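Residue-level structure breakdown
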Amino acid sequence: MKIADFITWFEKWANPAWQESWDNCGWQIEPGVLQEKAQVLVCLTPTLAVMQEAIAIQNAGIPVNLIFAHHPLIFSPPKSLCRGDAIGEIARLAFTHNIGIYSAHTNFDQVDDGTADVLAQILELKEVSAVVPTQPGLGYGRVGNLQPSISLQELLTTIQTRLTPSHLISSPVASLKQTISRVAVLGGSGASFLSAVAKTGAQAYLTSDCKFHQFQESRDRGVILIDAGHYATERPACDRLVQKFRSLNLDWVQLSQKDEDFRSFFSSP
């Protein structure tokens, strides 16, 4: 499948027109690869390390020509591109090695098998619906029921086991034995959706990047807020993309091994 046809297929599923006004989905860098057969490296964030990984794969004999990322490389128009600057260096290498960079961000967040939907599947939620519907069949976040209900401690253990986050923060509660039957999820920075989550009747909300006073707000709204980190809540959707792309019988597709969490948590010996 040519890259042009591959992107056409993807955009029928997750149209860039659905992105938020502040977002920058679609082509980040297109160095002239549209008519080449798609050989795709999928990542969460298109960093210099991921570009160097793609080049190393090329040097090993696999002509990778597309980095397919969730996060955009460019959010605001850069005022300059300079060698040594991260974005400038990525752009230089992209054109030098003929590697395109394409991003699917808030459009991908909304669809079935997108970032939120994959989290709902991982937690095995039933009777799932969008937290904030945007149009028929689309929306941000997912909320559903646990059948059977489980304790909060079991829910936290499940999240720790299945997402393997580098940290897991939750609202303080009187007892971890309390029963949880309805859960909301949203990959990435989702604390701004707290008011919408509260209206769904969710008892717990899994997301990331939550601030101190957002935990206060969640307590006031009667929702247990669970922060598993940005990387851990969105990386599974990248793995799902690889599975879907492989079903297209592309010449080559692989999940990046150089994706980064960007944060580490110190613990004393």
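Up top you'll find the structure we're talking about.
Residues numbered from 1 in each chain as written. Predicted model: local features only at pLDDT ≥ 70, side-chain atom pairs only at ≥ 80, totals over all residues. Heavy atoms only, no water.

Let's shift gears to the overall build of the protein. What the protein contains, in helices and strands, is nine helices and eleven strands. Judged by the C-alpha coordinates and their principal axes, the protein covers about 60 × 50 × 35 Å. Buried positions account for 52% of the 269 residues belonging to the protein. Mean positive and mean negative side-chain charge positions of the protein (21 and 26 charges, respectively) differ by 2 Å. (Helix = DSSP H or I, 4+ residues; strand = E, 2+ residues; numbered from the N terminus. Buried < 20%, exposed > 50% of the residue type's maximum accessible area, 1.4 Å probe, protein only. Lys, Arg positive; Asp, Glu negative; His and termini not counted. Charge placed at Lys NZ, Arg CZ, Asp CG, Glu CD.)

What follows concerns helix α5 (residues 115–122). With respect to burial, α5 is a largely interior element, six of its eight residues being buried. Looking one or two residues past α5, glutamate 124 carries a phi angle of roughly 60°, positive in sign.

The next subject is the layout of surface pockets. Counted as a void, the largest pocket has a volume near 240 Å³. What lines the largest pocket is a set of 19 residues, among which Thr106, Asp109, Leu186, Gly187 and Ser189 lie closest to the centre. Sorting the residues of the lining of the largest pocket by element identifies α4 (106–110), α5, β6 (138–151), β8 (179–189) and α9 (230–246) as the ones contributing at least two each. By residue number, the principal contributor to the lining of the largest pocket is β8, which donates four residues. By residue class, the composition of the lining of the largest pocket is five nonpolar, eleven polar and three charged. (1 Å grid on protein atoms, 1.4 Å probe; cavity = no way out; pocket = protein on both sides within 12 Å on 5 of 7 lines; lining within 4 Å. Points joined across faces, edges and corners; volume = space filled by probe spheres on them. Nonpolar A, V, L, I, M, F, W, Y, C, P; charged D, E, K, R; others polar.)

What follows covers the nonpolar core. With 29 residues, the main nonpolar core has Phe6, Phe10, Val40, Val42, Phe68 and Phe245 as its most contacted residues. Mapped by element, the contributors of at least two residues to this core are α1 (3–13), β2 (39–43), β3 (66–69), α9 and β11 (252–255). Here this core takes six residues from α9, the largest share from any one element. Beyond its immediate sequence surroundings of up to four residues, phenylalanine 245 is in contact with Phe6, Trp9, Phe10, Val42, Phe68, Leu250 and Val253. (Core = buried A, V, L, I, M, F, W, Y, C linked by side-chain atoms within 4.5 Å. Contact = heavy atoms within 4.5 Å.)

All chains considered together, the criterion is met by eight salt bridges. For glutamate 124, the salt bridge identified is with arginine 162, shortest N-O distance 3.3 Å. One end of the pair, glutamate 124, is in the loop between α5 and β5 (126–135); the other, arginine 162, is in helix α6 (residues 152–163), and 38 residues separate them in sequence. Of the charged contacts, one joins aspartate 259 and arginine 235 as a salt bridge, the two residues approaching to 2.5 Å between their closest N and O atoms. Highlighted residues: aspartate 259 in the segment after β11 and arginine 235 in helix α9, separated in sequence by 24 residues. Judged by its relative accessible area of 11%, aspartate 259 falls in the buried class. Put simply, Asp113, Arg240 and Lys244 are held in one network by salt bridges that share partners. (Salt bridge = Lys/Arg side-chain N within 4 Å of Asp/Glu carboxyl O.)

If you trace the six strands from one edge of the open sheet to the other, you get β5-β6-β8-β9-β10-β7, paired in mixed fashion. Each having just a single partner strand, β5 and β7 (169–170) make up the two edges of the open sheet. Across four bridges, the pairing between β8 and strand β9 (residues 204–208) is parallel. Of the residues in β9, the one forming a bridge with alanine 184 is tyrosine 205. Relative to the sheet, α5 contacts β5, β6 and β8, its axis offset from that of β8 by approximately 150°. Sheet strands in contact with α9 are β8 and β9, and its direction is about 85° off that of β8. (Pairing = 2+ DSSP bridges. Axes fitted to C-alpha atoms, helices over the stretch in contact; angles between N-to-C directions.)

Moving on, we come to the sheet that holds β2. Hydrogen bonds along the backbone pair up the strands of a sheet, which may run parallel or antiparallel. Strand order in the open sheet formed by five strands is β1-β4-β3-β2-β11, with mixed pairing between adjacent strands. In the strand order of this sheet, the two ends are held by β1 (26–29) and β11, each with one partner. Here the average twist between neighbouring strands, direction ignored, is 25°. Bridge count for β2 against β3 is four bridges, and the pairing is parallel. If you follow valine 42 over to β3, its bridge partner there is phenylalanine 68.

Let's shift gears to the packing of α5 against α9. It is at 8 Å that the axes of α5 and α9 come closest, and there the two elements cross at 95°. Considered as vectors, α5 and α9 are oriented roughly perpendicular to each other. Counting all contacts with α5, which are made through Thr115, Val118, Leu119, Gln121 and Ile122, the residues of α9 involved are Thr233, Glu234, Pro236, Ala237 and Arg240. Looking at side-chain class alone, the contact of α5 with α9 contains five nonpolar, three polar and two charged residues. (Parallel < 35°, antiparallel > 145°, perpendicular 65-115°, else oblique.)

Applying the stated criterion across every chain, the model contains 15 aromatic pairs. Judged by centre distance (6.0 Å) and plane angle (45°), the ring pair of tryptophan 9 and tryptophan 13 falls under tilted. Residue tryptophan 9 and its partner tryptophan 13 are both found in helix α1; the two are separated by four residues, about one turn of the helix. A residue is classified by how much of its surface remains accessible, and tryptophan 13, at 18% relative accessible area, is buried. (Phe/Tyr/Trp six-rings, centres within 6.5 Å; stacked < 30°, edge-to-face > 60°.)

The values reported here are purely geometric and, on their own, carry no functional implication.
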